[in-house]
Amino acid sequence: MIISISFVVVAFCIVMGTQMFQKYSTLRKLQEQESKLEKQYQEELELSQELKDQESYVKTDDYVEEMARKLGLLYPNEVIFKPEE
């Protein structure tokens, strides 16, 4: 009788130990995934802020003037002098 109870207890302990190990392994994987997702979330927040900053810059007169200069446009009373080659 004692041997069979001991066998059941040992088997129960083995099963519970195996289950605990599997759950711990799953927990570690989920924690790693959580940290990766948190890092990705922070990167996306930074990108979002950069895009908002760029959007507000695009709405300024400085941006319009910069783009006009790149296209070769001038103010009506402006003259560009180029050195001779």
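Structure shown above.
Starting afresh in each chain, residues are numbered from 1 along the sequence in its written order. Local features in this predicted model are restricted to residues whose pLDDT is 70 or higher, and side-chain atom pairs enter the listing and the counts only when it is 80 or higher, whereas totals over whole chains, interfaces and linings include all residues. Side-chain numbers come from the whole structure's heavy atoms, not from hydrogens or water.

**Observations regarding the overall build of the protein chain**
Each helix is a run of H or I in the DSSP string that is no shorter than four residues. Each strand is a run of E no shorter than two, and both are numbered from the N terminus. Along the backbone of the protein chain there are two helices and zero strands. Note on method: radius of gyration uses C-alpha positions; expected globular size equals 2.2 Å times residues raised to 0.38. In terms of overall dimensions, the protein chain is more spread out than a globule: its C-alpha atoms have a radius of gyration of 34 Å, far above the 12 Å expected for 85 residues. On the principal axes, the C-alpha backbone points of the protein chain span a range of 110 × 30 × 10 Å. Counting all 85 residues of the protein chain, 0% fall into the buried class. Counting only carbon and sulfur atoms, one obtains 62% of the accessible surface of the protein chain, whose full area is about 8600 Å². A 1.4 Å probe rolled over the protein chains alone gives each residue an accessible area, and that area as a share of the maximum for its type sets the label: buried under 20%, exposed over 50%, partly exposed in between. Areas reported as accessible are Shrake-Rupley estimates using a 1.4 Å probe. Residue values count occlusion only from the protein chains shown.

**A few points about the pattern of salt bridges**
Every case where a carboxyl oxygen of Asp or Glu lies within 4 Å of a side-chain nitrogen of Lys or Arg is listed as a salt bridge. The tally for this structure, following the rule as stated, stands at four salt bridges. The shortest N-O distance in the salt bridge between Glu 55 and Lys 59 comes to 3.8 Å. For Lys 59, a relative accessible area of 66% gives the class exposed. Glu 65 is paired through a salt bridge with Arg 69; the nearest N and O atoms lie 3.5 Å apart. Pair noted here: Glu 65 and Arg 69 are both in helix α2 (residues 61-70), with a separation of four residues, about one helical turn. Assessed through its relative accessible area of 38%, Arg 69 is described here as partly exposed. Linked through salt bridges whose partners overlap, the residues forming this network are Glu 65, Arg 69 and Glu 78.

**Structural notes on a negative patch on the surface**
A cluster of acidic residues, Glu 43, Glu 44, Glu 46, Glu 50 and Asp 53, forms a negative patch on the protein surface. We classify Glu 43 as partly exposed; its relative accessible area is 44%. Candidate patch residues must exceed 30% relative accessible area and have no salt bridge, after which like charges are joined if within 9 Å and Val, Leu, Ile, Met, Phe, Trp or Tyr side chains if within 5 Å. Note on charges: Lys and Arg go in the positive column, Asp and Glu in the negative column, and His and the chain ends are not counted at all. We put the charge of a Lys on NZ, of an Arg on CZ, of an Asp on CG and of a Glu on CD.

**Points about a nonpolar patch on the surface**
A cluster of nonpolar side chains, namely Met 1, Ile 5 and Val 9, defines an oily patch on the protein surface of about 350 Å² accessible area. Mapped onto the elements of the fold, Ile 5 is located in helix α1 (residues 2-58).

**Side note on the packing of aromatic side chains**
Pairing of aromatic rings covers Phe, Tyr and Trp, the last counted by its six-membered ring, and requires centre-to-centre distances within 6.5 Å; plane angles under 30 degrees mean stacked, over 60 mean edge-to-face, and any other angle means tilted. Following the criterion strictly, the structure yields one aromatic pair and no others. Ring geometry for Tyr 57 versus Tyr 63: centroids 5.5 Å apart, planes at 75°, classification edge-to-face. A residue is classified by how much of its surface remains accessible, and Tyr 57, at 34% relative accessible area, is partly exposed.

**What to know about the environment of Leu 74**
In this structure, Leu 74 sits in the segment after α2. Here Leu 74 is in contact with Arg 69 and Ile 80, once residues within four sequence places are set aside. The criterion used for residue contact is that any of the two residues' heavy atoms lie within 4.5 Å.

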